[in-house]
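# Descriptive structure summary
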Amino acid sequence: MRSAGLDDAVISAAFHTFEPLPHRMNLVAEIDGVRYVDDSKATSLAALAAGVEMASGGIRTIRLIAGGLPKGDDPKSVLSILTKRVKKVYLIGQSAEEFSAAWNSSVDCEICGTLNKAVEGAKREAAKGDVVLLSPGTASFDQFKSFGERGDVFADLVKKGK
């Protein structure tokens, strides 16, 4: 940026005012020291892994909500990042059983079925410093019209009863 003639103040202002596109690592709320992040656009396991890495800040504080309509990716492909960064996975949708079978021996998994139950469980168990991350790693069409609707429902559930 400096090579383009921008000074440090302009660069800093741009970083501090940047807003990501909807449903891509969006902070929904911070409640009692717990951050709730909507990454509903993460519709592949590679995107789930990237979301976990970004949200964790290198510290194992993630409570991950994952699952939906599987795309045929191998769930074991993300096992190493889950093992390093995730305290617990709350599973929803058609992939819940498959993901649990692949991950449960290495990371605590709970089959919740619905996003409502997953958010309730994560809210109940989260402690100050945790991040509750919706980064499904799947398509949304088993329970929602789109990843956008899934993210909007997540945000509504988080904000309900703040």
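## Some thoughts on the nonpolar core
Among the nonpolar cores identified, the biggest contains 24 residues, and Leu48, Leu64, Leu82, Val89 and Trp103 are the most heavily contacted of them. Mapped by element, the contributors of at least two residues to this core are α2 (45–56), β3 (62–66), α3 (79–85), β4 (86–92), α4 (96–103) and β6 (131–134). The element contributing the most residues to this core is α2, with five residues. Beyond its immediate sequence surroundings of up to four residues, Val89 is in contact with Leu64, Ala66, Trp103, Val107, Asp108, Cys109 and Glu110.

## Notes on the sheet that holds β4
The strands that make up a sheet pair up through hydrogen bonds in the backbone, lying either parallel or antiparallel. With mixed pairing, the six strands of this open sheet are ordered in space as β1-β2-β6-β3-β4-β5. Across the chains shown, the open sheet's two edge strands, defined by having one partner strand only, are β1 (26–31) and β5 (108–113). The sheet shows a mean angle of 20° between the axes of neighbouring strands, taken without regard to direction. Direction of pairing for β4 relative to β5: parallel, over a ladder of five bridges.

## Observations concerning the state of the cysteines
A full pass over the atoms with the stated rule returns zero disulfides. With no disulfide of its own, Cys109 lies 10 Å from the sulfur of Cys112, the closest cysteine sulfur. Residue Cys112 is classed as buried on the basis of its relative accessible area of 9%.

## A word on the packing of helix α5 (residues 115–125) against helix α6 (residues 147–159)
Where α5 meets α6, the axes come as close as 10 Å, and the angle between the chain directions of the two elements is 40°. Relative to α6, α5 is oriented oblique. Crossing angle aside, the handedness with which α5 passes α6 is right-handed. Facing Leu115, Asn116, Val119 and Lys123 of α5, the residues of α6 in contact are Arg150, Val153, Phe154, Leu157 and Val158. Residues that form the contact of α5 with α6 fall into these classes: six nonpolar, one polar and two charged.

## What about the pattern of salt bridges?
Scanning the model with the defined rule gives seven salt bridges in all. One salt bridge connects Glu30 with Arg35, and the closest N-O pair in it is separated by 3.7 Å. With relative accessibility at 48%, the residue Glu30 sits in the partly exposed group. Salt-bridge contacts for Glu110 lead to Lys88; the nearest nitrogen and oxygen are separated by 2.8 Å. On the criterion of sequence distance, the pair formed by Glu110 in strand β5 and Lys88 in strand β4 is long-range, its members being 22 residues apart. Relative accessible area serves as the criterion here: at 25%, Glu110 is assigned to the partly exposed category. When salt bridges with common partners are traced through the structure, they connect Arg63, Lys87, Lys88, Glu110, Glu125 and Asp130 into a single cluster.

## Some points on α6
The end-to-end C-alpha distance of α6, which contains 13 residues, comes to 18 Å, matching closely the 18 Å that a straight helix rising 1.5 Å per residue would cover. Buried within α6 we find Gly148, Arg150, Gly151, Phe154, Ala155, Leu157 and Val158. Elements that come into contact with the buried residues of α6 comprise β1, β2 (34–38), β3, α5 and β6.

## Concerning the environment of Arg150
Looking at the element boundaries, Arg150 is found in helix α6. Measuring from C-alpha to C-alpha, the distance between Arg150 and Leu134 comes to 9.3 Å, with 16 residues separating the pair along the chain. Here Arg150 is in contact with Ser40, Thr43, Gly67, Leu115, Leu134, Pro136, Thr138, Ala139, Ser140 and Phe144, once residues within four sequence places are set aside.

Rules used throughout
Residues numbered from 1 in each chain as written. Predicted model: local features only at pLDDT ≥ 70, side-chain atom pairs only at ≥ 80, totals over all residues. Heavy atoms only, no water. Core = buried A, V, L, I, M, F, W, Y, C linked by side-chain atoms within 4.5 Å. Buried < 20%, exposed > 50% of the residue type's maximum accessible area, 1.4 Å probe, protein only. Helix = DSSP H or I, 4+ residues; strand = E, 2+ residues; numbered from the N terminus. Contact = heavy atoms within 4.5 Å. Pairing = 2+ DSSP bridges. Axes fitted to C-alpha atoms, helices over the stretch in contact; angles between N-to-C directions. Disulfide = S-S within 2.5 Å. Parallel < 35°, antiparallel > 145°, perpendicular 65-115°, else oblique. Left-handed = near helix turned anticlockwise from the far one by under 90°. Nonpolar A, V, L, I, M, F, W, Y, C, P; charged D, E, K, R; others polar. Salt bridge = Lys/Arg side-chain N within 4 Å of Asp/Glu carboxyl O. Expected span 1.5 Å × (residues − 1).

Purely geometric numbers; function is a separate question.
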